[in-house]
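Here are the chains, one letter per residue:
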Number of protein chains: 2
Amino acid sequence: MVMRMSTLFLRTLREDPVDAEVVSHKLLVRAGYVRRAAPGIYSWLPLGYRVLRNVEAIVREEMDAIGAQEVHFPALLPKEPYEASNRWEEYGDSVFRLQDRKKADYLLGPTHEEMFTLLVKDLYSSYKDLPLSLYQIQTKYRDEARPRAGILRGREFVMKDSYSFDVSDESFMRSYQAHREAYIKIFDRLGLDYVIVDAMSGAMGGSASEEFLANAASGEDTYVRSPGGYAANVEAVHTVVPPPVPYDDAPAAHVEDTPDTPTIETLVDHLNERFPRTDRPWSAADTLKNVLVMLKHPDGSREPLAIGVPGDRDVDEKRLGAQVEPAALDVFTEDDFAAYPTLAKGYIGPGVLGEKNASGIRFLVDPRVVEGTRWVTGADAPGKHVLDLVAGRDFTPDGTIEAAEVREGDPAPDGSGPLELARGIEMGHIFQLGRKYSEALGLQVLDENGKLVTVTMGSYGVGVSRAVAAIVENSHDDAGIIWPREVSPADIHLVATGKDDAVFDAAGQLAADLEASGVSVLYDDRRGVSPGVKFKDSELVGVPTIVVVGRGLVDGLIEVKDRRSGERTEVPLSDAVAHLRSLLRS
Amino acid sequence: MVMRMSTLFLRTLREDPVDAEVVSHKLLVRAGYVRRAAPGIYSWLPLGYRVLRNVEAIVREEMDAIGAQEVHFPALLPKEPYEASNRWEEYGDSVFRLQDRKKADYLLGPTHEEMFTLLVKDLYSSYKDLPLSLYQIQTKYRDEARPRAGILRGREFVMKDSYSFDVSDESFMRSYQAHREAYIKIFDRLGLDYVIVDAMSGAMGGSASEEFLANAASGEDTYVRSPGGYAANVEAVHTVVPPPVPYDDAPAAHVEDTPDTPTIETLVDHLNERFPRTDRPWSAADTLKNVLVMLKHPDGSREPLAIGVPGDRDVDEKRLGAQVEPAALDVFTEDDFAAYPTLAKGYIGPGVLGEKNASGIRFLVDPRVVEGTRWVTGADAPGKHVLDLVAGRDFTPDGTIEAAEVREGDPAPDGSGPLELARGIEMGHIFQLGRKYSEALGLQVLDENGKLVTVTMGSYGVGVSRAVAAIVENSHDDAGIIWPREVSPADIHLVATGKDDAVFDAAGQLAADLEASGVSVLYDDRRGVSPGVKFKDSELVGVPTIVVVGRGLVDGLIEVKDRRSGERTEVPLSDAVAHLRSLLRS
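Residues numbered from 1 in each chain as written. Chains lettered and ligands numbered in written order. Predicted model: local features only at pLDDT ≥ 70, side-chain atom pairs only at ≥ 80, totals over all residues. Heavy atoms only, no water.

1. Quick look at the sheet that holds strand β14 (residues 254–257) of chain A
Residue and element names in this part refer to chain A. To keep it simple, the criterion reads: Strands are labelled as partners when DSSP assigns at least two bridges between them. Where helices and strands are cited, they refer to DSSP runs of H or I of at least four residues and of E of at least two residues respectively, numbered from the N terminus. Axes, fitted as lines to C-alpha atoms, cover a helix only where it is in contact. Angles between the N-to-C directions of the axes lie from 0 to 180 degrees.
Strands sit in the order β14-β20-β19 across an open sheet of three strands; the sheet is antiparallel. Of all strands in the sheet, those with a lone pairing partner are β14 and β19 (374–381), marking the two edges. For this sheet, the mean inter-axis angle between neighbouring strands, taken without regard to orientation, is 30°. Looking at chain direction, β19 and strand β20 (residues 384–390) are connected through five bridges and run antiparallel. Bridging across to β20, Ala381 finds its partner in Lys384.

2. Side note on the relation of the copies chain A and chain B
Heads up, the condition is: Residues reaching a pLDDT of at least 70 in both copies supply the C-alpha atoms on which the copies are superposed by least squares. The contact definition used throughout considers only heavy atoms, calling two residues in contact when any of these lie within 4.5 Å.
Once turned by 180° and shifted 0.0 Å along the axis, chain A lies on chain B with an RMSD of 0.2 Å. Taken together, the rotation angle and the small translation identify this as a two-fold axis. Proximity to the rotation axis, assessed at the C-alpha, singles out A:Leu98 in chain A; its C-alpha lies 2.7 Å from the axis. Take the interface residues of chain A: 100% of them recur as interface residues in chain B, which is what a same-surface contact looks like.

3. Some words on the interface of chain A and chain B
Worth spelling out the cut-off: Buried area is calculated as the accessible area (1.4 Å probe) missing from two parts once they are joined, with the contributions of both summed. In protein, a polar contact requires one atom able to donate a hydrogen and another able to accept it; more generally it is a pair of N or O atoms within 3.5 Å, and residues adjacent in sequence count only if both atoms are side-chain atoms. Any residue outside Ala, Val, Leu, Ile, Met, Phe, Trp, Tyr, Cys, Pro, Asp, Glu, Lys and Arg is labelled polar, Gly included; the first ten of those are nonpolar and the last four are charged.
On the chain B side, the residues contacting the 56 residues of chain A number 56 residues. Across the interface of chain A and chain B, roughly 5,000 Å² is buried in total on both sides, 58% from carbon and sulfur atoms. Interface area lost by chain A to chain B is led by A:Phe9, A:Arg101 and A:Leu123, which between them contribute 16%. Our count for the chain A to chain B interface comes out at 24 residue pairs in polar contact (both at pLDDT 80 or more). Counting residues per element, the side of chain A that touches chain B draws most heavily on helix α2 (residues 46–65) of chain A, which supplies six residues. For the side of chain A that touches chain B, a count of residues per class yields 34 nonpolar, five polar and 17 charged.

4. Brief notes about the packing of aromatic side chains
Our working definition: Classification of ring pairs rests on two measures: the distance between centres of Phe, Tyr or Trp rings, Trp counted by its six-membered ring, which must be within 6.5 Å, and the angle between planes, read as stacked under 30 degrees, edge-to-face over 60 and tilted in between. Residue exposure (1.4 Å probe, protein chains only): buried if accessible area is under 20% of the type maximum, exposed if over 50%, otherwise partly exposed. A ring is scored as having a charge over it whenever the NZ atom of a lysine or the CZ atom of an arginine sits within 6 Å of its centre and within 35 degrees of its normal.
Summed over all chains, the structure comprises 29 aromatic pairs over all chains. Centroid distance B:Phe116 to B:Tyr163: 4.1 Å. Interplanar angle 35°. Geometry classified as tilted. Residue B:Phe116 is located in helix α5 (residues 113–123), and its partner B:Tyr163 is located in strand β9 (residues 156–166); the two are separated by 47 residues in the primary sequence. Residue class for B:Tyr163 comes out buried when judged on its relative accessible area of 1%. Seen in terms of ring centroids, B:Phe187 and B:Tyr194 are 5.7 Å apart; in terms of plane orientation they differ by 55°. Their pairing is tilted. Taking relative accessible area as the criterion, B:Phe187 reaches 0% and is therefore assigned buried. These aromatic residues form a ring-pair network of at least three members: A:Tyr183, A:Phe187, A:Tyr194 and A:Phe212. For the cation-ring pair, A:Arg97 lies above A:Trp88, with the distance from its terminal atom to the ring centre recorded as 4.8 Å.

5. Description of the sheet that holds strand β6 (residues 97–99) of chain A
All names here are of chain A. One open sheet holds the three strands; their spatial order is β5-β7-β6, and the pairing between them is antiparallel. Each edge of the open sheet carries a strand with a single partner, namely β5 (76–78) and β6. The average angle at which neighbouring strand axes cross in this sheet is 40°, direction not considered. Across three bridges, the pairing between β6 and strand β7 (residues 105–108) is antiparallel. The residue bridging Gln99 from the neighbouring strand is Asp105, located in β7.

6. Comments concerning the confidence of the model for chain A
This is how the line gets drawn: The predictor's confidence in any single residue is recorded as pLDDT, a number from 0 to 100.
With 98% of its residues at a pLDDT of at least 70, chain A reaches an overall mean of 93. Within the model, the stretch residues 202–206 of chain A combines pLDDT values under 50 with 20 contacts to residues more than four positions away or in other chains.

7. Describing unusual backbone geometry
All names here are of chain A. Following Leu130, the chain continues to Pro131 via a peptide bond in cis, the omega torsion being 0°. Of note, Pro131 is situated in the loop between α5 (113–123) and β8 (132–141). At Asp380, a residue that is not glycine, the phi angle is positive and equals roughly 65°. Note on placement: Asp380 falls in strand β19.

8. Details of the pattern of salt bridges
All names here are of chain B. Stated formally: In what follows, salt bridge is the name for a side-chain nitrogen of Lys or Arg lying within 4 Å of a carboxyl oxygen of Asp or Glu.
Within this structure, the stated rule accounts for 90 salt bridges over all chains. Ionic pairing is found between Glu402 and Arg319, a salt bridge with its closest N-O pair at 2.8 Å. Linking Glu402 in the loop between β21 (399–400) and β22 (420–434) with Arg319 in helix α8 (residues 317–324), this pair joins segments that are 83 residues apart in sequence. Classification of Glu402 as buried rests on a relative accessible area of 10%.

9. Considering the domain arrangement of chain A
Frequently, the measure chosen for interface size is the accessible area removed from exposure when the parts meet. This is how it is decided: Segmentation into domains, and thus their bounds, comes from an automatic or database assignment.
Here chain A is described as being made up of domain 1 (17–192 + 436–473), domain 2 (254–400) and domain 3 (490–585). Computed over C-alpha atoms, the centres of domain 2 of chain A and domain 3 of chain A are 68 Å apart.

10. Points about the environment of A:Glu405
All names here are of chain A. Of note, Glu405 is situated in the loop between β21 (399–400) and β22 (420–434). In this structure, the C-alpha to C-alpha distance between Glu405 and Glu317, residues 88 residues apart in sequence, is 8.5 Å. Of the polar contacts made by the side chain of Glu405, one reaches the backbone nitrogen of Asp314; its length is 2.9 Å.

11. With respect to the nonpolar core
This is how the line gets drawn: Residues grouped as a nonpolar core are buried Ala, Val, Leu, Ile, Met, Phe, Trp, Tyr and Cys residues, joined through side-chain atoms within 4.5 Å.
If you look at the biggest cluster of nonpolar residues, it comprises 77 residues, and the most contacted ones within it are A:Phe165 and B:Phe165. Beyond its immediate sequence surroundings of up to four residues, B:Phe165 is in contact with B:Phe116, B:Thr117, B:Val120, B:Leu130, B:Pro131, B:Leu132, B:Leu134, B:Leu443, B:Val455, B:Thr456 and B:Met457.

12. Quick notes on the packing of helix α1 (residues 23–30) of chain A against helix α11 (residues 464–474) of chain A
Residues and elements named next belong to chain A. Which entries qualify depends on this criterion: Should an angle fall under 35 degrees it is called roughly parallel, over 145 degrees roughly antiparallel, and 65 to 115 degrees roughly perpendicular, with every other angle called oblique.
Their axes nearest at 8 Å, the elements α1 and α11 cross at an angle of 105°. With respect to α11, the element α1 is oriented roughly perpendicular. Counted together, Val23, Ser24, Leu27 and Leu28 of α1 and Val468, Ala469, Val472 and Glu473 of α11 form the full contact between these two elements. Here the residues of the contact of α1 with α11 sort into six nonpolar, one polar and one charged.

Now the structure itself:
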């Protein structure tokens, strides 16, 4: 059915919405695709819902193609399965919780590992039933602390989530690879500029995962890439560990007075002034900065942790957070300092850290702190630092931790060159869950020998509503959106200009002919609206092919305009359907 | 893509689920269409989700055909619009409420009048923009007190809801009629046995409404119908009011001692013993029963109400409830009696009721209590009744109310004969909302004269997930489900029997050929499963056409079986695709 602008429920806006920060948010609201209903919660208007359903159709086709079967779970879920997996606690404030009239606890599902695991356990019992992949395209909920960027990070959103069930790790890897390849097809068809990065799995648990990130400056995910093709989420970057340093000729560690040097900068200045080096000046990289945090474990207990990083790097909270999961990070407060009187704030050193030391606080260091490296660090007394402190000789930490920031120019772990930082939007995530959920919920099947084995699982997500925004981030210009053909709300945006009835008659007939031949048409049949306004609207709305029926009609010509290139072609009206059909096929 | 039973995520069950009361619930679980996730909350398995999507497609087509435009609202909705319409209160316990991390109040939308009204107000401002009809197919929530009957009355369910916006009542009636006709097409295509009844609108507000009820003994809605075609929800039945009765020769009312007669039965016995009539015995219909209830208004206030009905009828709570909305019904407690000392419990009469009387309690009577009718009723003193009390002479109630039960044999209000009672499942509901929501939320547009007019609205609902169950209620036999073609999870259920590879080869080829020609196939390719089990499964699953490839293959024949009639036809394998395609078209 031809969509007519004269009756279409659409109002394009000239002004950006006041709360919009990113371009997809601005354009999707201005072009009448979505409308805010509450913070982070959006309604889909007719054009927007068409695009969303086009994205869904692509995802569905590619999931069906790998033999995944579509099911549909509720969004309102009982507490019990999430208690069994410990996620009822782990989710913290980020999940919407509610009670029914009988005071039973429910949540609005942010993801469905538990429910799928239980369903398969409910129906299946033999290795013969596997492998199995199930998926759904469904509305999900997360109570984001700062919902932003329109539908790029909403609190109610549409996801495709799927889950694979295999009897062995080898079989699982085939399911994982099938999903990985399906995702490549999906994101290719969506026309996204994306990269696949190694990733930590976050609250999902499990052993390994990869993310599909759409490149976008507005993305919330920072990742790194190298000229040689390495790409990883910053949480997943492994530091290149330097070889041990000989320290036979290292002088003994010596404590020095360094009054009023609680920061790295003041310390380095003091060292250069009072203990100048002959080879080069002291720099922040010569110091070891010991940072204290509190871990909040899921059972509610708190545990202090000391992290030693070279003084020229900050602790990256995202990287640290990923390392300590399922514990959450909390501030090490003044009260905490009071509880550990051996800690000299601003001058903390390995002397009081680690299991064998005075404080009893666990002490993990950056992987660069290898045996033989020499450090200037706190001497555990106000105004005092220790110099020539040698790792492995003078102190032995309890282990290493990947918590220091990754910097532009750091070497890629696979030797493929220096890293650069980039930003992306998480569009897909594939997880090797292993047996985390099948163990927690008791999903076992009988193997060929009649023995019970625990099922190996994967989980796989695509941000379906987010994709609509990510596509706009990747594909727009100053005038508006430029949809890739497969997701466009219509194949053709047909504009009739002027006041001449003949124009509207011809355009109306062309619209009908196109629809009859399977081409979907958004027809701007508005009377009394200037050509300028119609052209502006057509550029804002972003259908990739714009057809204008206007002045040229007296010569039997219409104009076909490519939204992206701006290129215009005159085509005889009599050839229009054939011309446009072949254009759409190309 | 051919669905293969060997890999399909399906386990048919021989036993009914223990919590299932109605046949659709039993069959949909046993045949592997749905699975319970929580009370009143279900997951859709692959076959079930196909049927659900088929129903959605029919609804979508018919809504598009009347020019309604599809949008999609969130399910998680802010409190404010529902406060403006007063429904935040009115819904009481039947809505799921929750708070986000910032303690803002939300609900899970049970219906979306407010949100649609606000969206149209947000975008539209002129009569030129109207008429407009918008719809969505969306997940909705109601916290039912007693979720029962599987997906027939779930707490999470899929509905199509639409809303019309018109500038005048005349234009609105066209929108209403268009929806009414679309609904007839939808329910015809779904193969339902249904009736359209006059209905009260319940908590939706507005002036008039009609319900589409699927006939089913398991239905929760009672309705009445007459031989002449009248049909109405019991809440909507208007009592046929008898003409006034002459009472010139009526004796004066006289109070009599009627000790120990607090009930109608004891009173009638006493009357027949102590005051026998000459023409006929006293019956309950000669008495006027005065019932007290408390109304709980949305603002929290309580108001007593007395209802007088002929003693042979009970007060129907559903009918009464519909009359007093938006107030809710509450019990008139012993404490309430204590607060009205003029009320003699068990002997209450018009003497103390009504505005002009001692109690000050509002007194409404059944419409049958017309002027001149004579009653035996309480004399407002224990053990005393008044006889020959004439309505309009001895007492004047404050009005009438349709609260007495409707009974089999009562006359239809349109004179079309005696009523009979029937039960149905509410499948669709169309409401003339009038200006209730547009007034509450300020939806006005400028009319042709530049004057602001309030928009006239309608709202229209189809129970999409409920339809799946209602179809099964209407179409099954002892062996299982019988799907109408348009909603069946597949066009053909193809069964290969025996152990012969040639059979599976031929069946596999036939399945592929059918799919290639646009016929969807559920193919039972399981090896080592007996023909008996396969046939039982095929009858349970309910695809309307079953094709068997088995023994006949040696003669080049396959068997085509009609699931409903059981009729079997042998068809040459070589003709099978053509034969089945023409069968499906018929």
